[in-house]
Amino acid sequence: MKSLLIPVKKLQPSDRTAMYVLLQNHFKGITWDGFQIDLERKNWVLLLRDETSNVLKGFSTLMLCQKTFLGEQISVVYSGDTIVDPSAWSSTTLPRSWIAAINFLHQHYSENKLYWLLICSGFRTYRFLPTFWQDFYPRYDVTTPADVNNLMVNFAQEYYGSLYQEATGIVRFPHPQILREGLIEIPSGRQTNPHIQFFEENNPGYRLGDELVCLTEINYDNLTRAGQRMWRSNSLLESVQDYVLI
């Protein structure tokens, strides 16, 4: 597959339609208006296409912005809709391109510490964290440090408002997106994985679309060996259009 990172404002109408159709094929509760509203809250989108047919096989939307927290200038990436068609699950294009995209954005648009706020309604999304990042929260084997929790709460409250429940660490949307049958259930044999067990225990409403809020710092030293290989590998990120953050 090939990938392209572009500003949301430069998406073609055909791109938006293809993204919506792909999302609707894998989630219940998707509406065109809701999709558009969420997309307009982001400023970048990563598109994954089949190299031969150019058919959209996946995408990930994100918002990169600068903030001040306790007097320190920091940057944060908020993840939005992310989906890869099951026919492309064997490809590593998404993690390679996503890490390359974040590296690009960090180099060009952020000189400060960069954090990633991720919300997870599916175990596959949560598994992205232990696969590629050393320190991330919340997790089964380490209590979230107070300073990290304060940062996570601040980010979540600012972006999700009253939809975020600080006591549980869950974002609950009034009209949630719910993975379709065959995608949402945890396969037999994977339920004993401690990370997946933790996700299921701490987000018991994931089948209803509840989202677990997670946080990690994005830098090379915080990557696992697998993550560092992705960082150094040929990302297939074809081009990036010039853009100035608002």
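Residues numbered from 1 in each chain as written. Predicted model: local features only at pLDDT ≥ 70, side-chain atom pairs only at ≥ 80, totals over all residues. Heavy atoms only, no water.

Draft legend 1. Up close: the side chain of Asp 210. Tracing the backbone shows Asp 210 in the loop between helix 6 (194-202) and strand 11 (211-217). Once residues lying within four places of it in the same chain are set aside, the contact partners of Asp 210 are Cys 120, Ser 121, Ile 170, Val 171, Arg 172, Asn 203 and Gly 205. (Helix = DSSP H or I, 4+ residues; strand = E, 2+ residues; numbered from the N terminus. Contact = heavy atoms within 4.5 Å.)

Draft legend 2. Structural context of the environment of Tyr 159. Here Tyr 159 lies in helix 5 (residues 146-160). The exposure class of Tyr 159 is buried, given its relative accessible area of 11%. Distance in space between the C-alpha atoms of Tyr 159 and Pro 7 is 20 Å, their sequence separation being 152 residues. For Tyr 159, the residues in contact, after removing those within four places along its chain, are Arg 41, Lys 42 and Tyr 78. (Buried < 20%, exposed > 50% of the residue type's maximum accessible area, 1.4 Å probe, protein only.)

Draft legend 3. Representation of the packing of helix 1 (residues 13-26) against helix 2 (residues 32-40). Where helix 1 contacts helix 2, the two axes come as close as 11 Å, and the packing angle between them is 115°. Taken as a pair, helix 1 and helix 2 cross one another with a handedness that is right-handed. Facing helix 1, whose interface residues are Arg 16, Thr 17, Met 19, Tyr 20 and Leu 23, helix 2 presents Trp 32, Phe 35, Gln 36, Leu 39 and Glu 40. Partitioned by chemical class, the residues of the contact of helix 1 with helix 2 number six nonpolar, two polar and two charged. (Axes fitted to C-alpha atoms, helices over the stretch in contact; angles between N-to-C directions. Left-handed = near helix turned anticlockwise from the far one by under 90°. Nonpolar A, V, L, I, M, F, W, Y, C, P; charged D, E, K, R; others polar.)

Draft legend 4. Summary view of unusual backbone geometry. Residue Tyr 137 is joined to Pro 138 through a cis peptide bond whose omega torsion reads 0°. Position of Pro 138 relative to the elements: it lies in the loop between strand 7 (136-137) and helix 5. For Asn 54, which is not glycine, the phi dihedral falls at a positive 70°. Structurally, Asn 54 is set in the loop between strand 3 (44-49) and strand 4 (56-69). With relative accessibility at 38%, the residue Asn 54 sits in the partly exposed group. The residue Leu 70 is not glycine, and still its phi comes out positive at about 50°. Note on placement: Leu 70 falls in the loop between strand 4 and strand 5 (72-84).

Draft legend 5. Structural context of the nonpolar core. Counting residues in hydrophobic clusters, the biggest one holds 61 residues, and the most contacted among them are Met 19, Phe 59, Trp 98, Trp 116, Tyr 126 and Trp 133. Ranked by the residues each element gives to this core, the list is headed by helix 3 (residues 93-109), at eight residues. Core analysis: the second largest hydrophobic core is formed by 22 residues, Val 148, Met 152, Val 153 and Tyr 160 among them. (Core = buried A, V, L, I, M, F, W, Y, C linked by side-chain atoms within 4.5 Å.)

Draft legend 6. Representation of helix 4 (residues 123-132) within the structure. Residues of helix 4 that are buried include every one of Phe 123, Tyr 126, Phe 128, Leu 129, Pro 130 and Phe 132, and no others. Along its buried surface, helix 4 packs onto helix 3, strand 6 (113-120), strand 7, helix 6, strand 11 and helix 7 (225-232).

Draft legend 7. Highlighting helix 5. The terminal C-alpha atoms of helix 5 lie 21 Å apart, and with 15 residues this matches the ideal 21 Å at 1.5 Å per residue to within 8%. Residues of helix 5 that are buried include every one of Val 148, Leu 151, Met 152, Val 153, Phe 155, Ala 156, Tyr 159 and Tyr 160, and no others. Two residues or fewer past helix 5, Gly 161 is found with a positive phi of approximately 60°. (Expected span 1.5 Å × (residues − 1).)

Draft legend 8. Just the environment of Leu 11, in detail. With respect to the secondary-structure elements, Leu 11 resides in the loop between strand 1 (2-7) and helix 1. For Leu 11, a relative accessible area of 8% gives the class buried. The sequence separation of Leu 11 and His 26 amounts to 15 residues, and the corresponding C-alpha distance is 21 Å.

By themselves, these figures tell us nothing about what the structure is for.
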